[in-house]
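Residues per chain are reported as follows:
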Amino acid sequence: MPAGTDSGVTTQVPPAPIGIFDSGVGGLSVLRALHGRLPTASLLYVADSAHAPYGDRDAAHVRQRTERVVDHLVDQGARLIVIACNTATAWAIDAMRARHPEVAFVGVEPGVKPAALLSPTQRFAVMATPATLASVRYADLVARHAPGCFVHPVPCAGLAAAIEQGDAGVAEVDRLLDNYCAPLPGLAIDTVVLGCTHYPFVMDRIAMRLGPGIHLLDTADAVARRVVELLAQEGPHPALAAEAPLRLQSTGAPDVLSRMAMAGLGRAMHVDTVLL
Ligand code: DGL
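Summarised in this report is the structure supplied together with it.

Thresholds, definitions, all that
- Residues numbered from 1 in each chain as written.
- Predicted model: local features only at pLDDT ≥ 70, side-chain atom pairs only at ≥ 80, totals over all residues.
- Heavy atoms only, no water.
- Helix = DSSP H or I, 4+ residues; strand = E, 2+ residues; numbered from the N terminus.
- Expected span 1.5 Å × (residues − 1).
- Buried < 20%, exposed > 50% of the residue type's maximum accessible area, 1.4 Å probe, protein only.
- Arc of directions from axis to C-beta.
- Near = heavy atom within 4 Å.
- Polar contact = N/O pair within 3.5 Å; in protein donor to acceptor, adjacent residues only side chain to side chain.
- Areas by Shrake-Rupley, 256 points an atom, 1.4 Å probe, with all protein chains shown as cover.
- 1 Å grid on protein atoms, 1.4 Å probe; cavity = no way out; pocket = protein on both sides within 12 Å on 5 of 7 lines; lining within 4 Å.
- Sits in = over half its atoms within 2 Å of the grid points.
- Nonpolar A, V, L, I, M, F, W, Y, C, P; charged D, E, K, R; others polar.
- Contact = heavy atoms within 4.5 Å.
- Core = buried A, V, L, I, M, F, W, Y, C linked by side-chain atoms within 4.5 Å.

1. Concerning helix α10 (residues 220-233)
The end-to-end C-alpha distance of α10 is 20 Å, a good match for the 20 Å that 14 residues give at a rise of 1.5 Å each. Buried within α10 are the following residues: A220, V223, A224, V227, L230 and L231. Projected down its long axis, α10 carries its buried residues within an arc of 120 degrees, all on one side. Seen from the open side of α10, the exposed residues pointing more than 90 degrees away from its buried face are A232 and Q233.

2. Details of the site of the ligand
In the region of the ligand, 13 residues are neighbours, and S23, Y54, G55, T87 and H198 sit closest. In this structure, S23 approaches the ligand through a side-chain N or O atom, which is 2.6 Å from an oxygen atom. At 2.6 Å, a backbone N or O of Y54 approaches an oxygen atom of the ligand. When the ligand sits alone it has 300 Å² of accessible area, and the protein chains cover 99% of it. Spatially, the ligand is embedded in the largest cavity. By residue class, the composition of the shell around the ligand is five nonpolar, seven polar and one charged.

3. Points about the environment of T273
Within the secondary structure, T273 is located in strand β12 (residues 271-273). Considered as a pair, T273 and G195 are 78 residues apart in the sequence and their alpha carbons are 28 Å apart. If sequence neighbours within four positions are ignored, T273 has contacts with S250, G252 and P254.

4. Notes on helix α8 (residues 170-181)
Look at α8: 16 Å from first C-alpha to last across 12 residues, which is about the 16 Å you get at 1.5 Å a residue. Along α8, the residues classified as buried are V173, L176, L177, Y180 and C181. An end-on view of α8 places all buried positions within 115 degrees of arc, on one side of the element. The inward-facing, buried residues of α8 abut β7 (123-128), β8 (150-155), α7 (159-164) and α9 (203-210).

5. Remarks on the nonpolar core
Nonpolar side chains in soluble globular proteins generally cluster together in the buried interior. The biggest cluster of nonpolar side chains holds 58 residues, and the ones touching the most others in it are I18, V82, M127, V192 and I206. A total of six residues in this core trace back to one element, the largest contributor, which is α10. Residues in contact with V192, not counting those within four places in the same chain, are A125, M127, L184, L210, I214, H215, L216 and L217. One finds V62, A78, A88 and F105 within the second-largest nonpolar core, a separate group that totals 18 residues.

Purely spatial values, then, with no claim about function.
The structure is reproduced here in structure tokens:
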């Protein structure tokens, strides 16, 4: 019997969503890029705000929370999941691929490879969470794609957490960025990689501190392109055929996610609370 039918009567099967998740609001930068490329796709975004930030915590916390959220997305029907979090990708994507071999995973990694390709001076910095920069995956990324480059890591403890607070966190964001950005113009670098999906939300504030000679590199659109490529390889994904809305879920207070979604996606969006 064909899928979607029962005793000969066709029933409406909800389209399988593409799952996207982050510790909090950061992955909205990836959601925005993905929605731009796949405007009719059903996208289900989960912010694990009750357990954010990930990047200042240990690997066990990141793995355990990633597992909970990924299991939830699989239960919701997702067969393609974007881990829109550099920290969770660094510490948990291999374990998730082993746990759910039927699911295609796309991770997000600091743009070391494009920076090495594009940087005229071969000197750049990577702003990311302490956990991302401490990972073996990050060390491998630099060794594989930027041998011979000067790559300056900037562990931005507390920055994602401050961005996560929305308007209430602006003063703290400014204080932290003053500290983290101050040494960078003196390093003769030409590029700063934004290695955390939260940071594009404060891109202007970072750019202001670095001055015009330093290019900021964000990988959200490259991730969206990778998802589109994967879908093309696998044939039409049910999500593409449907006129399905974006859905937002949060494990914590929904207000910041809903305000950031309004700013990022340009429309009011309801946020469902999920207990995971
Ligand atoms: N947005 C996440 C990342 O890309 C993590 C932020 C956090 O929870 O520390 O790493």
